[in-house]
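Topology and contacts: notes
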Amino acid sequence: MPSGGPMSTFANLTSRLPSGPGGVPSIPANGVPPAGPTTQVASFDDYPSAQRSVDFLSDNGFPVEQSTIVGTDLRLVENVLGRLTTGRAALAGAASGAWFGVLIGLLLGIFTVSSWWQVLVAAIVIATAWGAIFGAIAHAATGGRRDFSSRTSLLAEHYAVNVGADHAEAARQLLTRLNWQSTMTPDGGSMGPPDGGSTPDGEQRA
C-alpha cells in the first residue's frame, strides 16, 4: 500500500507554490500590466487628451493592454458649489428620494393588476417625504460646521501615456498620425507640424 494519502499529496503540491505575504500563496492580480521596461510616448496637461490618445490606439488595433496612463503631481481639489441651508438640504434629499420612489413604484407596479399609477404616485410621495426629512436631519446633525455644498476631484499636473518598450515605436507612429489629424484645418489644409500637446520621452522603468 503506497504511503501517504490525498492530504499528503495536497501538502506536497502546496509546498511548491510561491509564498505570498504571511506564507499565503500569492495570486497575480487581474489588470496589472506586465512587469518590464516601459516607454513614455506622450504627455498631456489634461486627462481627456490622454484618454483620447489611448482610445485612438485601441481603434487602430494597438494592444492597449500594454499601455498605462500615469498622473503625476496629484492634488485634491474641492470646488464649492454654493451655500447649503437646511431647506436646500431637504430639497436635495427630496429630489433624490423622488427618483428612488419612481424606481420602487415601477417595480411594484409590475405586480399590480390595476391602478398601477396609484402605486407609483404613492411610492414617489413617500420616498420624496422621507428623502426631505433625511436630508434636513443629516444637515442639522453637522451643527453648522459645513454650510456649503462642494464637489471633490483628484487632478494631476501631467498625464503620461506609457507603453511596453517593444511597442513604443508603433505607438509613436499612431499618435503622430492622431496629432497630425488634430492640426488639420476644416478645409483640409495643414496648419503645420503636429504637436497636439504631446512630447515623446525616453525609456522609463516600470
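Quick summary incoming for the structure in this document. (Residues numbered from 1 in each chain as written. Predicted model: local features only at pLDDT ≥ 70, side-chain atom pairs only at ≥ 80, totals over all residues. Heavy atoms only, no water.)

A few words on the pattern of salt bridges. Counted under the stated rule, the structure contains two salt bridges. When the shortest N-O distance is used, the salt bridge between Arg75 and Glu157 registers 3.3 Å. With Arg75 in strand S3 (residues 75–83) and Glu157 in the loop between strand S4 (148–155) and strand S5 (158–164), this pair connects stretches of sequence that are 82 residues apart. In this structure, Glu78 engages Arg146 in a salt bridge whose closest nitrogen and oxygen atoms are separated by 2.6 Å. Highlighted residues: Glu78 in strand S3 and Arg146 in the loop between helix H4 (116–141) and S4, separated in sequence by 68 residues. Residue Glu78 is classed as partly exposed on the basis of its relative accessible area of 39%. (Salt bridge = Lys/Arg side-chain N within 4 Å of Asp/Glu carboxyl O. Helix = DSSP H or I, 4+ residues; strand = E, 2+ residues; numbered from the N terminus. Buried < 20%, exposed > 50% of the residue type's maximum accessible area, 1.4 Å probe, protein only.)

In this section: helix H5 (residues 168–182). Note: α-helices contain 3.6 residues per turn, so residues at a spacing of three or four share the same orientation. In a regular helix each residue adds 1.5 Å, so 15 residues correspond to 21 Å; H5 covers 21 Å between its end C-alpha atoms and thus fits that length. Inspection of H5 places Ala168, Ala171, Leu174, Leu175, Leu178 and Asn179 among the buried residues, and these make up the whole buried set. Projected down its long axis, H5 shows its buried positions confined to an angular sector of 140 degrees, all on one face. Elements in contact with the buried residues of H5: strand S1 (37–44), helix H2 (47–59) and S5. (Expected span 1.5 Å × (residues − 1). Arc of directions from axis to C-beta. Contact = heavy atoms within 4.5 Å.)

Another aspect to go through is the nonpolar core. Membership of the largest hydrophobic core comes to 17 residues, with the highest contact counts inside it found for Val41, Leu57, Phe62, Val161, Val163, Ala171 and Leu175. Broken down by secondary-structure element, the contributors of at least two residues to this core are S1, H2, S5 and H5. Per-element accounting of this core gives the leading share, five residues, to H5. (Core = buried A, V, L, I, M, F, W, Y, C linked by side-chain atoms within 4.5 Å.)

A separate point is unusual backbone geometry. Its identity is not glycine, yet Asp73 carries a phi of approximately 55 degrees, on the positive side. The residue Asp73 is located in the loop between strand S2 (67–72) and S3 in this model. You can call Asp73 exposed: its relative accessible area is 53%.

Per the stated rule, a full pass over the model turns up two aromatic pairs. Relative to Tyr159, the ring of Tyr47 lies with its centre 5.7 Å away and its plane at 65 degrees, an arrangement referred to as edge-to-face. Linking Tyr47 in helix H2 with Tyr159 in strand S5, this pair joins segments that are 112 residues apart in sequence. Judged by its relative accessible area of 36%, Tyr47 is partly exposed. (Phe/Tyr/Trp six-rings, centres within 6.5 Å; stacked < 30°, edge-to-face > 60°.)

A few words now on the pairing of S5. The buried count for S5 comes to six of seven residues, which makes it a mostly enclosed element. In the sheet, S1 pairs with S5 via six bridges, with the strands oriented antiparallel. Residue pairing in the sheet places Phe44 in a bridge with Tyr159 of S5. With six bridges joining them, S2 and S5 adopt antiparallel strand pairing. Bridge pairing in S5 places Thr72 opposite His158. (Pairing = 2+ DSSP bridges.)

With that settled, the discussion passes to the packing of H2 against H5. Axis separation between H2 and H5 bottoms out at 10 Å; the angle between their running directions is 115 degrees. The two elements H2 and H5 meet at a crossing, and its hand is right-handed. Together, Arg52, Ser53, Phe56 and Leu57 of H2 and Ala171, Leu174, Leu175, Arg177, Leu178, Gln181 and Ser182 of H5 make up the contact between the two elements. In terms of residue class, the contact of H2 with H5 is made up of six nonpolar, three polar and two charged. (Axes fitted to C-alpha atoms, helices over the stretch in contact; angles between N-to-C directions. Left-handed = near helix turned anticlockwise from the far one by under 90°. Nonpolar A, V, L, I, M, F, W, Y, C, P; charged D, E, K, R; others polar.)

Once that is clear, we can look at the environment of Thr86. When you line up the elements, Thr86 lands in helix H3 (residues 86–110). Measuring from C-alpha to C-alpha, the distance between Thr86 and Gly144 comes to 9.6 Å, with 58 residues separating the pair along the chain. Ignoring any residue separated from it by four or fewer positions in sequence, one finds Thr86 in contact with Ala136 and His139. Of the polar contacts made by the side chain of Thr86, one reaches the side chain of His139; its length is 3.3 Å. (Polar contact = N/O pair within 3.5 Å; in protein donor to acceptor, adjacent residues only side chain to side chain.)

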